[in-house]
Amino acid sequence: AAARAAPRASRRREASRVAAAALDGGGLGGFGGNDDDGARRWRDDDDDPDHDGASRKFNAWMRLFAGAVALNWTTHEVIAWNDRPAHDAPDDDAWEQKRVSIVVPARNESKAIGRLLKQLRRALEPEAAEVIVSVGDSVDDTAAIAAAHGAIVVSGAKGRGNQMNAGARIATGDYVLFLHADTTPPADVVDVIRRQLRDQKTVVGGFVSLIETKSRTFWAMSYHNVVKTTYCAVISRPFGYLRGFRILFGDQAMFCRLDDFNAVGGFDGSLSIMEDADLCVRMHVKGRGRYRGRVKLLDRVVTTSGRRIEQLGNFKATCIHVLIACSWNFGVGPEKLRKLYDWCYRDVR
């Protein structure tokens, strides 16, 4: 009996050893290698160049993303801090009595000027101090129509900059709004201008221009006008952008203090195009007192006729404006810019 029990005990011990080895991950039918095998596999993974390369790329992209988020947040915080309004007398109600003159450059605008003047007379609340229509060297009935609607009419040299300068010279208001003949402002535009120019840092302001015709609204072009205010400023004066510099354009209904306008000599009459952007640059540099001038795009809308771009469509018109804006930013001369503009647009007045 003892002889028969010995082999059975030996087999049980062997079975127990095999089972223990399997549970411990041994090589005899186990579920994996032993501890040395596991450590070896981890070392092999660490030494894998593909694995290391992917990890480094992922970490680099994450650092780049985190840096971009931090830079964006810091930039916006700096701009917001720098753009804090500076009201010299917060409790002074004199700003409500400031007079706003409207200057309308209107060369050969007989089709549009009557409608605009009628809207200005009927819709503005409060009213403007005066409406001056500068007809330049018009050869149509623009002057007669403007006079019939009660506007002050002035003529002068050819060119939009010269027209607006001629109107500003006879303006009697504290503030002046330069309004194109095919642009319609909001009814409370006078109050909006008064409130914005309470801020002593603001030298020029403008509106979001919504371009439309009777049949459609040019959303892409309108959005590009908003973006253009920023990217043109960043390209031409990146550090100025952080200090409140933006670039506005004529169809955004630009406004400013008449004294500030005269202090920089008004529009450059030698420029037949981009005279509005040039004014923004000079007024920003001139500033007001101890403040570098802020050029502000307000969160209010004016509507502008899309008559010039209706035949082009959103995409082509946007590309043309990008081309003109970038050409000006990179120093293309005024004569070439004018030729480019005339080549792109036909006169539809």
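Residues numbered from 1 in each chain as written. Predicted model: local features only at pLDDT ≥ 70, side-chain atom pairs only at ≥ 80, totals over all residues. Heavy atoms only, no water.

Notes on the overall build of the chain
A tally of regular secondary structure across the chain gives 13 helices and 8 strands. Taking all contacts inside the chain whose residues are at least 6 apart in sequence as the whole, residues at least 24 apart take part in 75%. Working note: accessible area of the chain is about 19,200 Å², and carbon and sulfur atoms make up 55% of it. (Helix = DSSP H or I, 4+ residues; strand = E, 2+ residues; numbered from the N terminus. Contact = heavy atoms within 4.5 Å. Areas by Shrake-Rupley, 256 points an atom, 1.4 Å probe, with all protein chains shown as cover.)

Focus: the confidence of the model for the chain
Across the chain, the average pLDDT comes to 83, with 82% of residues at 70 or higher. At the low end of the mean pLDDT range in the chain sits helix α2 (residues 35-46), at 54; at the high end sits strand β4 (residues 175-178), at 97. (pLDDT = per-residue confidence, 0-100.)

Some thoughts on the packing of aromatic side chains
Applying the stated rule across the entire model yields 4 aromatic pairs. An angle of 45° between the planes, with centres 5.1 Å apart, marks the rings of F178 and F261 as tilted. You can see F178 sitting in strand β4 and its partner F261 sitting in helix α10 (residues 258-263), a full 83 residues away along the chain. The class of F178 is buried, set by a relative accessible area of 3%. What links up through ring pairs into an aromatic cluster is the set F178, F261 and F267. (Phe/Tyr/Trp six-rings, centres within 6.5 Å; stacked < 30°, edge-to-face > 60°. Buried < 20%, exposed > 50% of the residue type's maximum accessible area, 1.4 Å probe, protein only.)

Regarding the sheet that holds strand β2 (residues 130-136)
The strand order across the open sheet built from 8 strands is β3-β2-β1-β4-β7-β6-β8-β5, with neighbouring strands paired in mixed fashion. Both edges of this open sheet fall to β3 (152-155) and β5 (183-184), since each of them pairs with a single strand only. Pairing of strand β1 (residues 100-105) with β4, which is carried by 4 bridges, proceeds in the parallel orientation. Bridge pairing in β4 links V100 to Y175. (Pairing = 2+ DSSP bridges.)

Some thoughts on the nonpolar core
Judged by nonpolar contacts, the single largest core of 41 residues is most densely connected at F178, I247, F261 and M274. Those elements that provide at least two residues to this core are α6 (160-169), β4, β6 (202-212), α8 (219-236), α10, α11 (275-286), α12 (314-329) and α13 (334-344). Per-element tally for this core: the top contributor is α11, with 5 residues. When residues no more than four places from it in sequence are discounted, the contact partners of F261 are N165, A168, F178, C256, G266, F267, L279 and M283. Residues L120, A181, V189 and F255 belong to the second largest nonpolar core, which totals 29 residues. (Core = buried A, V, L, I, M, F, W, Y, C linked by side-chain atoms within 4.5 Å.)

A closer look at the pairing of β4
What you see with β4 is no split at all: Y175 and L177 on one side and V176 and F178 on the other are buried throughout. Here 3 bridges tie β4 to strand β7 (residues 255-257), and the two strands are oriented antiparallel to one another. For Y175, the partnering residue across the bridge sits in β7 and is R257.

Topic: helix α7 (residues 189-196)
Among the 8 residues that make up α7, 6 are buried, leaving the element largely enclosed by the rest of the structure. All buried positions along α7 are accounted for by V189, V190, V192, I193, R194 and Q196. Of the surrounding secondary structure, the elements contacted by the buried residues of α7 are β1, β4, β6, β7 and β8 (294-305).

Brief notes about the state of the cysteines
Applying the stated criterion to the full structure yields 0 disulfides. Of the cysteine sulfurs around C280, a residue in no disulfide, the closest is that of C256, at 9.4 Å. (Disulfide = S-S within 2.5 Å.)

Observations concerning helix α4 (residues 113-123)
Within α4, the full set of buried residues consists of I113, G114, L116, L117 and L120. Taken around the axis of α4, the buried residues stretch over an arc of 165°, which confines them to a single face. The outward face of α4, more than 90 degrees from its buried face, is lined by the exposed residues R115 and R122. On its buried side, α4 packs onto β1, β2, α5 (142-148) and β5. (Arc of directions from axis to C-beta.)

What about the environment of V192?
Along the chain, V192 falls in helix α7. Residue class for V192 comes out buried when judged on its relative accessible area of 10%. On a C-alpha basis, the gap between V192 and L298 in space is 9.2 Å, while along the polypeptide they are 106 residues apart. For V192, the residues in contact, after removing those within four places along its chain, are F207, L298 and R300.

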